[in-house]
Number of protein chains: 2
Amino acid sequence: MVLSLQRYFVPETNWGKDEVIINADDAHHINRVMRLQAGDKIICNHPDGIAAICEITSSGNDGVQLVIMEWLEESSELPIEVTIAQGLPKSDKFELVLQKGTELGATAFTPIQAERSIVVWDDKKAEKKFKRYSKIVKEASEQSHRTKIPQINDVTTIEKLIEESSNYDKKLFAYEEEAKTSEFQSFGTIISEMDSGNRVLVCIGPEGGFSEKEADQLKQHGFTSVRLGPRILRTETASLYVLASISYQFEELRCR
Amino acid sequence: MVLSLQRYFVPETNWGKDEVIINADDAHHINRVMRLQAGDKIICNHPDGIAAICEITSSGNDGVQLVIMEWLEESSELPIEVTIAQGLPKSDKFELVLQKGTELGATAFTPIQAERSIVVWDDKKAEKKFKRYSKIVKEASEQSHRTKIPQINDVTTIEKLIEESSNYDKKLFAYEEEAKTSEFQSFGTIISEMDSGNRVLVCIGPEGGFSEKEADQLKQHGFTSVRLGPRILRTETASLYVLASISYQFEELRCR
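Definitions and cut-offs
Residues numbered from 1 in each chain as written. Chains lettered and ligands numbered in written order. Predicted model: local features only at pLDDT ≥ 70, side-chain atom pairs only at ≥ 80, totals over all residues. Heavy atoms only, no water. Helix = DSSP H or I, 4+ residues; strand = E, 2+ residues; numbered from the N terminus. Contact = heavy atoms within 4.5 Å. Polar contact = N/O pair within 3.5 Å; in protein donor to acceptor, adjacent residues only side chain to side chain. Expected span 1.5 Å × (residues − 1). Buried < 20%, exposed > 50% of the residue type's maximum accessible area, 1.4 Å probe, protein only. Domains from an automatic or database assignment. Buried area = accessible area lost by both parts, 1.4 Å probe. Salt bridge = Lys/Arg side-chain N within 4 Å of Asp/Glu carboxyl O. UniProt positions renumbered as here; feature names shortened; annotations may be inferred. Nonpolar A, V, L, I, M, F, W, Y, C, P; charged D, E, K, R; others polar.

Even after reading the chapter, I still don't get the environment of Ser117 of chain A, so can you show me in this structure?
Residue and element names in this part refer to chain A. Tracing the sequence through the fold places Ser117 in the loop between strand 7 (108-112) and helix 3 (126-143). When the C-alpha positions of Ser117 and Glu103 are compared, they lie 25 Å apart, and in sequence the two are 14 residues distant. Not counting residues within four places of it along the chain, the set of residues in contact with Ser117 comprises Gly87, Leu88, Ile112 and Pro206. Among the polar contacts made by the side chain of Ser117, one reaches the main-chain carbonyl oxygen of Leu88 at a distance of 3.1 Å.

Below you can see the structure in the form of structure tokens.
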């Protein structure tokens, strides 16, 4: 029953002690699309990752007023915090990674302007793009019943990414060349040895993969190169493979 | 070195004892796009799933002539044969499943006209569609270095799918309602108990999931319902989750 209620992410400022207010687009969605009325219930997600069943008390020009009925104990969040650092890919592939990666449980996304990225990030369009990206992850979070919306970080470089990578428990990067040797460290071994609550940073190159220089830089700074199965995956598929595998290991598998 | 050679799938009729002929689009690709010449090497994939390094001997109006240099021993095929039976989804999502599913190692795809499929299969457009689908899986097979091209079956119904499902070792279906009970059988347990060479049929509903009636039919005929992680996945993401998990279990994990 609980899972079939409509979900909305509500900004922190809209939470009172016992009440919640929903406005803007979501209020419109509640009133016009879902046609919910006083007495109907929805689930409101707090930015802290907690959620409550709330009942609509009234609805007007100031938005939808709700009262908190029951706080929920949920566990729809991946027990490992995964940040996907994705070499900027062509066309709308980054948006695919955002949408599917959110469903699969990613904690954060960091676009990288990599050496082989064909797309060059346009700062002038950044604001508009981030607005669109935010909408994608918010909607995917609601659709997949997550209690937290993944964070989208500013576009960065390999150098900056390395600088800011000290607070991860594991740092990995997909490296196609790795699949050609037999001395690679198994992705499965690395993942299955992690513990709940660990933070992992996974770097995926753009279409042409990481350059040799980038791979060397990453290796020198404690990143482990991994292959993701024996087939060569497209850049956007690689990110989804990582997240699905981690979900499978920690949310479905009972082998350890 | 071997992995960086260009790959082409060559129909059975084009293989001689020691030679191979490539014509049509692929010959054009070799001559005009890759600009390969006599003496250059490529990898030719035989429909049986084997592959050979071949050297171009000549190139003319009859196509590209090659001589077989060395048969390869490769293992880029998933050790479990997975057929994805996908409830027909909206827009171009089925094409996404074909492309990404091929990269992730699927053996075959079967589109299902499910009760909640919003798209109705148009027989008049079938030929054109299958041609497009075939091109997608062929190109994705080449790109991901597979030695077999997945099969695309005709669109079918739940009833027909059930009738023809007797030769699978395992039959599963994703059922969202399953996630709401705690008595479900873990997807991880089922997958990790399979053996190399097993054939598995995985049914994924369309956008609205399977109807209660369809779920009952499937259950009555030996299909096990599974949840795919605790989040609610979109129909196309569910197929990719299944394939990535099976790849992770059998190609990357060393936990058993």
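Would you explain helix 7 (residues 235-252) of chain B in this entry?
Each turn of an α-helix holds 3.6 residues, which means side chains three or four residues apart point in the same direction. Its 18 residues place the ends of helix 7 of chain B 25 Å apart at the C-alpha level, agreeing with the 26 Å of an ideal helix rising 1.5 Å per residue. When you tally the buried positions in helix 7 of chain B, you get 17 out of 18 residues, the bulk of the element.

Is there a simple way to think about the domain arrangement of chain A in this case?
For an interface, size is often stated in terms of accessible area lost upon the parts coming together. Residues and elements named next belong to chain A. Annotation of chain A at the domain level lists domain 1 (2-72) and domain 2 (81-252). Taking the mean C-alpha position of each, domain 1 and domain 2 sit 32 Å from one another. Counting residues at the interface gives twelve residues for domain 1, matched by eight residues for domain 2. In total, domain 1 and domain 2 occlude about 800 Å² of area from one another, counting both sides; carbon and sulfur atoms represent 58% of this. At the junction of domain 1 and domain 2, the tally comes to one salt bridge.

Could you clarify how one ought to interpret the UniProt feature "domain: Ribosomal RNA small subunit methyltransferase E PUA-like" (unreviewed entry) in chain A in this entry?
Summarizing the sequence annotation, UniProt attributes the feature "domain: Ribosomal RNA small subunit methyltransferase E PUA-like" (unreviewed entry) to residues 22-68 of chain A in the numbering used throughout. Regarding residues 22-68 of chain A, the helix share stands at 21% and the strand share at 47%, and the terminal C-alpha atoms are separated by 13 Å.

Quick question: what am I supposed to make of the interface of chain A and chain B here?
The partner chain B presents 47 residues to the 47 residues of chain A that form the contact. Between chain A and chain B, the buried area comes to about 3900 Å², and carbon and sulfur atoms account for 54% of it. Looking at the side of chain A facing chain B, the largest losses of area belong to Arg231, Tyr248 and Glu252 of chain A, adding up to 20% of the total buried there. At the boundary of chain A and chain B, one finds eight salt bridges. Here Lys100 of chain B and Glu236 of chain A are joined by a salt bridge, their closest N and O atoms 2.8 Å apart. The interface formed by chain A and chain B contains 32 residue pairs in polar contact (both at pLDDT 80 or more). Contributing elements (two or more residues each) for the side of chain A that touches chain B: helix 2 (93-103), helix 3, helix 5 (187-192) and helix 7 (235-252) of chain A. A total of ten residues in the side of chain A that touches chain B trace back to one element, the largest contributor, which is helix 7 of chain A. For the side of chain A that touches chain B, the class distribution of residues is 17 nonpolar, 18 polar and twelve charged.

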